[in-house]
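# Chain and residue survey
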Amino acid sequence: MHLIYPILCSASITAITAVRAAESMVPVPVWMEMVAIVVASITGTLAARERKLDLVGAICLAVLVSLGGGLLRDVILQVGNVYILNQPLALPVSVITAALTFVFPSPFLKQDRVIALLDIFSVGLYAATGADKALVYGFEPMVCVMMGFFTAVGGGMLRDVCLGETPRIFQRSTFYAVAAIGGSVSYTLLTGIGYSHIVALVACVAVTIALRFLSLHYNIQSPTDEDIARAAHKVKNRASALRSAESLERRRGRIQADISRRQREEIRRAWRGRYRRR
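In this report, we go over the structure that sits alongside the text. Fair warning: this is a prediction, and the values are worked out from it, not measured in the lab. (Residues numbered from 1 in each chain as written. Predicted model: local features only at pLDDT ≥ 70, side-chain atom pairs only at ≥ 80, totals over all residues. Heavy atoms only, no water.)

## Some points on the overall build of the chain
When you go through the chain residue by residue, the secondary structure sums to 11 helices and 0 strands. The order of α-helices and β-strands along the chain, N terminus first, is α-α-α-α-α-α-α-α-α-α-α. The buried share of the chain, taken over its 278 residues, is 36%. Considering only intrachain contacts with a sequence separation of at least 6, the fraction spanning at least 24 residues in the chain is 76%. A total of about 17,400 Å² of accessible surface is found on the chain, and carbon and sulfur atoms cover 64% of it. (Helix = DSSP H or I, 4+ residues; strand = E, 2+ residues; numbered from the N terminus. Buried < 20%, exposed > 50% of the residue type's maximum accessible area, 1.4 Å probe, protein only. Contact = heavy atoms within 4.5 Å. Areas by Shrake-Rupley, 256 points an atom, 1.4 Å probe, with all protein chains shown as cover.)

## Remarks on unusual backbone geometry
Positive phi is not limited to glycine here, since Lys-52 has a value of about 60°. Turning to its location among the elements, Lys-52 is positioned in the loop between helix H2 (30-50) and helix H3 (55-77). In this structure, Asn-219 is a non-glycine residue whose phi angle is positive, near 55°. Topologically, Asn-219 is positioned in the loop between helix H10 (197-218) and helix H11 (225-277). Classification of Asn-219 by relative accessible area gives exposed; the value is 53%.

## Comments concerning the layout of surface pockets
Of the voids in this model, the largest pocket is the one considered here, and its volume is about 900 Å³. The set of elements that each furnish at least two residues to the lining of the largest pocket consists of H2, helix H6 (106-110), helix H7 (112-136), helix H8 (141-162), helix H9 (177-192) and H10. Residues belonging to the lining of the largest pocket are distributed by class as follows: 21 nonpolar, 9 polar and 7 charged. When its volume is computed, the second largest pocket comes out at roughly 550 Å³. Forming the walls of the second largest pocket are 26 residues, and the residues nearest its centre are Met-25, Glu-33, Arg-73, Tyr-83 and Thr-129. (1 Å grid on protein atoms, 1.4 Å probe; cavity = no way out; pocket = protein on both sides within 12 Å on 5 of 7 lines; lining within 4 Å. Points joined across faces, edges and corners; volume = space filled by probe spheres on them. Nonpolar A, V, L, I, M, F, W, Y, C, P; charged D, E, K, R; others polar.)

## Here's the deal with the state of the cysteines
Summed over all chains, the structure comprises 0 disulfides. In this structure Cys-162 is not part of a disulfide, and its nearest cysteine sulfur, from Cys-60, lies 8.5 Å away. The exposure class assigned to Cys-162 is exposed, which follows from its relative accessible area of 55%. (Disulfide = S-S within 2.5 Å.)

## A short note on the nonpolar core
In this structure, Ala-152, Tyr-187 and Leu-201 are the most contacted members of the largest nonpolar core, which totals 42 residues. Sorting the residues of this core by element identifies H2, H3, helix H5 (90-103), H7, H8, H9 and H10 as the ones contributing at least two each. In terms of residue count, the dominant contributor to this core is H7 (8 residues). When near neighbours in sequence (up to four residues on either side) are disregarded, Ala-152 contacts Val-123, Tyr-126, Ala-127 and Ala-180. (Core = buried A, V, L, I, M, F, W, Y, C linked by side-chain atoms within 4.5 Å.)

Structure, rendered in structure tokens:
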């Protein structure tokens, strides 16, 4: 009895803390959460069809893409509040969406632009909820940004790992992971300086979408080691050119000073000659 009582008290305190934390999280409408899950499940299923996986593989990839980031976040945080277990609609919606997309892919393949827009919207939404969850449980701002990042792109990373590929977020591409980081940073900063969670959520989604489409419009890509080496070479060349220009300028100054000195000596000699003739 003496051993059971502390365990029960600890479990009760943990449950109360989880409930209070859940109540203080940013209130995202359920339909918006389901839209994000549906879109992520569609992208995961289409990726499975491209690689000729069966229905089971497609469903697994869809669940990984749509819910894997949140699961990865909850495993890291270890606060006892697992989204995939607390939201009864999440897993069924993902499975049903994957099955429908696998059997009837044509409507989704024709709406690739709409899906791309909804996908980056989902990334911004996931980034905000991930950062918010870490923030509610009292973690440091850097951890909040990291949890927003994992929630937003962790599902896609797990998908690529299961497919035996280098995760796309680690490859040179237009901003996707960078957009998620930007959204997480904006959410953490705005809530940290006193703005409401709703305002921070809207700003997070807006920043994520803006970074994504700016990179697409201007073809801005994340740098690789070759880009950094090329930039360093350009800086080195510019510095060398500046040093050469400065050296040339100093040399020109010395030559001008030498010419002026000789002219003054010639003038002095001329005056001395005149004075002697007198």
